[in-house]
Amino acid sequence: MIYALVGNQNSGKTTLFNALTGSNQHVGNFPGITVDQKYGVIKGTNDQVVDLPGIYSIRPYSSEEILTRDFIINNNPDAIINIIDAMNIERNLYLTLQLLELRKPTVIALNMMDEVKANNGSINIELLSELLGVPVVPISAVKEEGISELVRVVETTAKNRSIPKVYDFCKPGPVHRCIHAVSHIIEDHADAAKISARFATLQVILDDQQIKNLLKLNDNEVEAIRHNIVEMENERGLDCEAAIADMRYRFIEDVCSKTVLKPKKSKERTRSINIDRILTHRYLAIPIFIVIITTIFWLTFGPIGTYLADGFSAVIENIIAMIETVLTNYGINQVVKALIVDGILAGVGSVLSFLPIIIVLFFFLSILEDTGYMARIAFVMDKLLRKIGLSGKSIVPFLIGFGCTVPAVMATRTLPSHRDRKMTILLVPFMSCTAKIPIYAFFTDYFFVEYKALVMTGLYFGGILTAVISSVIFNKLAFKGNPVPFVMEMPNYRLPSVKSVILLMWEKAKDFIQRAFTIIVAATILVWVLQSFDSRFNVVDDASLSILASLGKMLESLFRPLGFGDYRFVTALVTGLIAKETVVSTLEILVPAGITSVLTTAGALSFLTFTLLYTPCFAAIAAIKREIGSAVKTMGIIIFQIAVAWAAAFMVYLVAGAFI
Amino acid sequence: MTLDQLEIGKSAIITKVNGNGTLRCRLLEMGLIPGTAVEVVKTAPLKDPIEITLRSYVLTIRLEEAQLIEVQEVK
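Keep in mind that what you see is a predicted model, and the values were worked out from it rather than measured. (Residues numbered from 1 in each chain as written. Chains lettered and ligands numbered in written order. Predicted model: local features only at pLDDT ≥ 70, side-chain atom pairs only at ≥ 80, totals over all residues.)

**Quick word on the overall build of chain B**
The helix and strand tally for chain B stands at two helices and five strands. Helices (α) and strands (β) of chain B occur, in sequence order from the N terminus, as β-α-β-β-β-α-β. In summary, chain B has a C-alpha radius of gyration of 11 Å against a globular reference of 11 Å for 75 residues, a match within 12%. Taken along its principal axes, the extent of the C-alpha atoms in chain B is 30 × 25 × 25 Å. For chain B, with 75 residues in total, the buried portion stands at 51%. The long-range fraction of contacts in chain B, counting pairs at least 24 apart against all pairs at least 6 apart in sequence, stands at 55%. (Helix = DSSP H or I, 4+ residues; strand = E, 2+ residues; numbered from the N terminus. Rg over C-alpha atoms; globule rule 2.2 N^0.38 Å. Buried ≥ 20, exposed ≤ 12 C-beta atoms within 10 Å, placed from the backbone. Contact = placed C-beta atoms within 7 Å.)

Structural data, given as C-alpha cells:
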C-alpha cells in the first residue's frame, strides 16, 4: 500500500511523518523539480507513506500544488492521509474539501487535539466524520498519540477502497445549479480521462487549462459551460472564483458550527502574542534578529564549528597520514600513492570537511524553523528584501553565505517559492565566504598593507552590490512577471521537537554527502591529474610544466584585459575551485619570488574582484546542482558567475588603472 | 475603505476582494472572502507587511495586497 500525506503548512505534517516512519525515511526528488519527495515505511507495516509538500490548496499555481495534485491523480495512492490542525480547522478544511472532490480513499488526521482539549475546546469527531463522509482520527503528532489508531483506520480505508461519501458542498442556489449543469456536460469526458467528475467540474469552472485539455471538450460544450458560469455569476453577484471559495467556506462554517466548540483564545496564542511583543516589536525586532543570526553565525563558524571542524580535520589528516605511511611502507609506486593521497583522499577529505558546518548550522536553522521564528524573520525583513525582488526569508541564506556558500544554498530549501529559491541560489555565491579571507589577506599583505581593512570591506560590499545589481537585472529580464504574493500564515511559537531537529541534521548531512561526493571527488582527482602530469602524461616536478599550466597559458589572453593574463594566476583560479584556500598555496609554489614581481596593484585589485565573484568551489557547484536539479542550469549559473566576475574585474582594472 | 487603511486593533468585515489571477485566488482560499471578519494585529517594523487575524488564525500580507481588500469597519 502507498499513502499520500497531504496537509497545510504548519499543520504538523512533518512531525506526523516522522512519527509514522521513525528514522526509516528516504529523500528523493520529484522528477523535474527540486521539491523533496520524502517517503518512508510506516513502523510495523509494509506500507509506504509519501510526504507531499505543505500546501493550502490544490489549484495548480505553485509547483508544490501541481506536484501534489499530479501525484494523487497519476500515482493513484491507495489512500490520502489529510492532516488538519484542529486549532485552525476552518482554513485547514478548505484543502480537505478539494481533496474530497478527488474521490479517493481519504482519512483525516485531526492533529493538535490535545491543544484543543487543554484550552477547553472540543470537537465532535463522530459528527465531523459523518458530515465530511470520511473517517476522522484525532491525533497529537508531537506526543505521538493516536498514531496506531490512525494507521489502522488508514489501512482499513485503503483495503476497502472506501471513497468519501460526501462531495456535494453547495446549498441549492445559483452555484449549485451551475456546478450540476457543468458536471452534466463534462461527466463522460471526465470518466474517459479517469478523473473525478466533481473535481473536474470545479476546475473547469475555475478555468484550469490543464484539466480542460485533459477533458478534450468540443466548442459547443465550452460555450455551454461559459454560458452557465456567466449566468451563475450574474445571479450570485460574485465572480466564479469568489463564488466557489464562498461556497466551500459556507459549507465549512456550517460543519464547524455543528461540531466545533472553539476555545476563545488559546494559551499557545496568548504566549505567542507575548513573545511577539518583543520579537516583532517595532524597534527591537531588527536588532534582535541581527543578534540571533549573528550568534548562530558566530557559533557555527566560530567556536563550535571551528572546534568540530578542527577535530574533524585532525582525524581525517591522521587517517590520511596513516594510509600514506602504509602505502610508503608497502613501497607502492609514487604516482599511485600521490593519486590516492593527493587526489582521492584529498577529495574525500574536502567533502567531509563541510560536514561540521552543515550539521551545526542546520541544527540552529531547524530550531528557527520549528519554533516559528523563521516566519517572524520573513515578516520583519520582507520590506527590505522586496526592494531586490525577493521576500523576507531569503535574508537567511544570504547571511549564511558570508560563512559558506554550501549550507547557504542548501538553506534555500525552505523558501516559499521557486522563483525566490532560484534567484537566491544565483545570488548567494556573491556573498564573500570565509574561505576567501586567506586570499584577501595574502594579497593585501603584498599590495595594500596600509589599506587592508578598506580593501577587505570594499570586497564584501562589492559582493553585496553585485548581488543587488544582478537582482535588479533579473527582475527586469529573467524573473519578470509575478513575484509570488506574500500571503503567509503566522504560526504560534512552539517548542522544537528533538526528533525532527536531529532528523533534519542527519538528512542534510546525508544528502550533501550523497549528492556532492561524486562531483567533488571526481573534480579533485581531475585537477590533481592536470597538475601532476604534462601533456605526454609524464609526471612533472616543475608545476609550470603541468597540463594545468599549459591550459592556463592557453587561457592567458582571456585574462589579459583584467591585468592578470599570466598562466600562474589562471592556474591558481582553477585550483581554487577545489577549495578557495588553495589559490594561495598554488601562487606560493608558482611565484616563489612573491606576487608583487608579476602583478600591478590594479591587477591585484582586479584579481581579488574576480576571486570574490567567480564560481565558489566544487562543493558549492554540487550544492547548487542539487538544489536547482539540473546540470544544464548549473552550467548556466557557472557561466553567469564567471561572466559577472570577468566584467566586474575588468571594470575594477580600468578604474584602478586610471587612479593608481 | 481598504484593509491597509484599517488601524491596528480595529476589526472589519470584508466586502470585496479585488485583484486578479493567482494572487486573488490565494487570498480567497486563505479565507479572505466577502463577509469574513478580520482584525489588524500589528505591522512589521518597516510598516509593511501587516499581521491580521481571521477565522481564528494569524495571517501576514503586504500592504500592496491589503489594498485589494475592501472592508467595512466594525465599530
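**A few points about the interface of chain A and chain B**
How big an interface is tends to be stated in terms of the accessible area lost upon association of its parts. Tallying the contact residues gives 30 residues for chain A and 29 residues for chain B. For the side of chain A that touches chain B, the secondary structure elements donating two or more residues are α3 (89-101), α11 (240-259), α13 (285-301), α17 (373-386) and β10 (487-489) of chain A. Each residue belonging to the side of chain A that touches chain B can be placed in one class, and the counts come to 16 nonpolar, four polar and ten charged. Two elements, β10 of chain A and strand β4 (residues 57-61) of chain B, share three bridges in a ladder whose sense is antiparallel. Bridge pairing links E489 of chain A to L59 of chain B in β4 of chain B. (Nonpolar A, V, L, I, M, F, W, Y, C, P; charged D, E, K, R; others polar. Pairing = 2+ DSSP bridges.)

**Points about unusual backbone geometry**
Note: most residues except glycine have negative phi, and most peptide bonds are trans. In this structure, P49 of chain B follows D48 of chain B across a cis peptide bond, with omega equal to 0°. With respect to the secondary-structure elements, P49 of chain B resides in the loop between β2 (37-43) and β3 (50-54). Positive phi is not limited to glycine here, since R103 of chain A has a value of about 60°. Positionally, R103 of chain A belongs in the loop between α3 and β6 (106-111). A positive phi is found at R161 of chain A, a non-glycine position, where the angle reads about 50°.

**Topic: the nonpolar core**
Residues and elements named next belong to chain A. In this structure, L5, I81, A109, L110 and A619 are the most contacted members of the largest nonpolar core, which totals 205 residues. Broken down by element, this core gets its largest block of residues, ten residues, from α11. Setting aside anything within four residues of it in sequence, one finds L5 in contact with K13, L16, F17, V49, V50, D51, L52, I81 and I83. (Core = buried A, V, L, I, M, F, W, Y, C linked by C-beta atoms within 7 Å.)

**Here's the deal with the confidence of the model for chain B**
Residues and elements named next belong to chain B. Predicted confidence across chain B gives a mean pLDDT of 93, with 100% of residues reaching 70 or more. Ranking the elements of chain B by mean pLDDT puts helix α1 (residues 21-29) last with 88 and strand β1 (residues 11-17) first with 96. Across the assembled chains, the prediction reports ipTM 0.96 with pTM 0.87. (pLDDT = per-residue confidence, 0-100.)

**Re the packing of helix α21 (residues 437-447) of chain A against helix α27 (residues 601-613) of chain A**
Residue and element names in this part refer to chain A. Here α21 crosses α27 at 175°, and the two axes come no closer than 11 Å. Classified by the interaxial angle, the pair formed by α21 and α27 is roughly antiparallel. Contact residues: I439, Y440, F443 and F447 in α21; T601, A604, L608 and T611 in α27. In terms of residue class, the contact of α21 with α27 is made up of six nonpolar, two polar and no charged. (Axes fitted to C-alpha atoms, helices over the stretch in contact; angles between N-to-C directions. Parallel < 35°, antiparallel > 145°, perpendicular 65-115°, else oblique.)

**With respect to the sheet that holds β4 of chain B**
With antiparallel pairing, six strands are arranged side by side in an open sheet as β10(A)-β4(B)-β3(B)-β2(B)-β1(B)-β5(B). One side of each edge strand has no neighbouring strand; the edge strands of this open sheet are β10 of chain A together with β5 (69-74) of chain B. Each strand axis lies, on average, 40° off the axis of its neighbour in the sheet, ignoring direction. Note that β3 of chain B and β4 of chain B share five bridges and pair antiparallel. Residue pairing across strands places E51 of chain B opposite T60 of chain B, the latter belonging to β4 of chain B. Across the sheet, α1 of chain B touches β10 of chain A together with β1 and β5 of chain B, and the angle it forms with β1 of chain B is around 140°.

**Focus on the domain arrangement of chain A**
Domain annotation for chain A reports domain 1 (2-159), domain 2 (174-261), domain 3 (285-439 + 485-512) and domain 4 (516-659). The C-alpha-based centres of domain 2 of chain A and domain 4 of chain A are spaced at 59 Å. (Domains from an automatic or database assignment.)

**Concerning α1 of chain B**
In terms of residue burial, α1 of chain B counts as a mostly covered element, since seven of its nine residues are buried. Considered for burial, the residues of α1 of chain B that qualify are L23, R24, C25, R26, L27, L28 and E29 of chain B. Those residues of α1 of chain B hidden inside the fold are in contact with α3, α11 and β10 of chain A together with β1, α2 (63-66) and β5 of chain B. Phi for G31 of chain B, located one or two positions after α1 of chain B, is positive at around 100°.

**A word on the pairing of β1 of chain B**
As a general feature of sheets, a regular strand has side chains that alternate between the two faces. Residues and elements named next belong to chain B. Pairing between β1 and β2: three bridges, direction antiparallel. Along β2, the bridge assignment pairs S11 with E39. Taken together, the six bridges between β1 and β5 define a ladder with antiparallel strand orientation. When the bridges of β5 are listed, S11 appears paired with V74.

**A look at the environment of V652 of chain A**
All names here are of chain A. Here V652 is to be found in helix α29 (residues 631-659). C-beta crowding within 10 Å serves as the criterion here: with 23 such atoms nearby, V652 is assigned to the buried category. Sequence separation between V652 and D542 is 110 residues, and the spatial gap between their C-alpha atoms is 33 Å. Leaving out residues up to four positions away in the same chain, V652 has contacts with L605, S606 and T609.

**Thoughts on the packing of helix α28 (residues 618-628) of chain A against α29 of chain A**
Residues and elements named next belong to chain A. In the contact formed by α28 and α29, the axes pass within 9 Å of each other and the chain directions differ by 135°. Comparing the axis directions of α28 and α29 gives the class oblique. Where α28 crosses over α29, the handedness of that crossing is right-handed. Between α28 and α29, the residues in contact are I621, I624, K625 and I628 and A631, K633, T634, I637 and I638, respectively. (Left-handed = near helix turned anticlockwise from the far one by under 90°.)

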